[in-house]
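# Summary of structural features
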Amino acid sequence: IAKLIVHKSRELDNSNKSLLYMYEKISKLSLGEYELLREMYYGADYKKIARTRHVELDSVYKMASRMLKKFGMSSTKALITSLKELKIFDIIEQPK
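Conventions we followed
Residues numbered from 1 in each chain as written. Predicted model: local features only at pLDDT ≥ 70, side-chain atom pairs only at ≥ 80, totals over all residues. Heavy atoms only, no water. pLDDT = per-residue confidence, 0-100. Helix = DSSP H or I, 4+ residues; strand = E, 2+ residues; numbered from the N terminus. Axes fitted to C-alpha atoms, helices over the stretch in contact; angles between N-to-C directions. Parallel < 35°, antiparallel > 145°, perpendicular 65-115°, else oblique. Contact = heavy atoms within 4.5 Å. Nonpolar A, V, L, I, M, F, W, Y, C, P; charged D, E, K, R; others polar. Buried < 20%, exposed > 50% of the residue type's maximum accessible area, 1.4 Å probe, protein only. Polar contact = N/O pair within 3.5 Å; in protein donor to acceptor, adjacent residues only side chain to side chain. Left-handed = near helix turned anticlockwise from the far one by under 90°.

Our focus in this paragraph is the confidence of the model for the chain. Here the chain shows a mean pLDDT of 86. Residues at 70 or above account for 85%. Mean pLDDT values over the elements of the chain span from 71, in helix α1 (residues 2–27), up to 96, in helix α3 (residues 46–53).

This is the structure we're talking about:
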């Protein structure tokens, strides 16, 4: 039982670190990067984002690339998957 408790405690600690890590990284994004991340989180692709923001597709790619560097990641899919596992926008956008 003690091993199980220690194991569960470590899992909780790691998940909290992940949540705090992601929250810290999100807090350092520019407003445009934050909006881009949010739109991707909710399923928009680069083309749709470019159309709705009235910008060139290349601009969206460049912003996404800068954003990924801030997270230390190379894949938007991996980033979004991590954020969804943490339900980060559910937490951030909770009514106060």
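Packed helices, taken two at a time, are described by their axes: the angle between them and the distance between them. Packing of helix α2 (residues 31–41) against helix α4 (residues 57–71) leaves a shortest axis separation of 10 Å and a crossing angle of 95°. With respect to α4, the axis of α2 lies roughly perpendicular. Residue-level contacts link G32, E33, L36, L37 and M40 of α2 to V60, M63, A64, R66, M67, K70 and F71 of α4. Residues that form the contact of α2 with α4 fall into these classes: eight nonpolar, one polar and three charged.

Tracing the chain through its elements places E33 in helix α2. When its relative accessible area of 3% is taken as the criterion, E33 is described as buried. Within the local environment of E33, its side chain forms a polar contact with the backbone nitrogen of S30, the two atoms lying 2.9 Å apart. Beyond its immediate chain neighbours, meaning those up to four positions away, E33 contacts M63, R66, M67 and K70.

Two numbers describe how α2 lies on α3: the axes approach to 10 Å, and their chain directions differ by 130°. In terms of orientation, α2 lies oblique with respect to α3. Both α2 and α3 take part in a crossing whose hand is right-handed. Residues G32, E35, L36, E39 and M40 of α2 lie in contact with α3, whose contacting residues are Y46, I49, T52 and R53.

Before going further, it helps to examine unusual backbone geometry. Positioned with a positive phi, H54 is a non-glycine residue whose angle comes to about 55°. Relative to the elements of secondary structure, H54 occurs in the loop between α3 and α4. Phi angles above zero are rare outside glycine, and K87 is one such case at about 55°. Its place among the elements puts K87 in the loop between α5 (76–86) and α6 (88–92).

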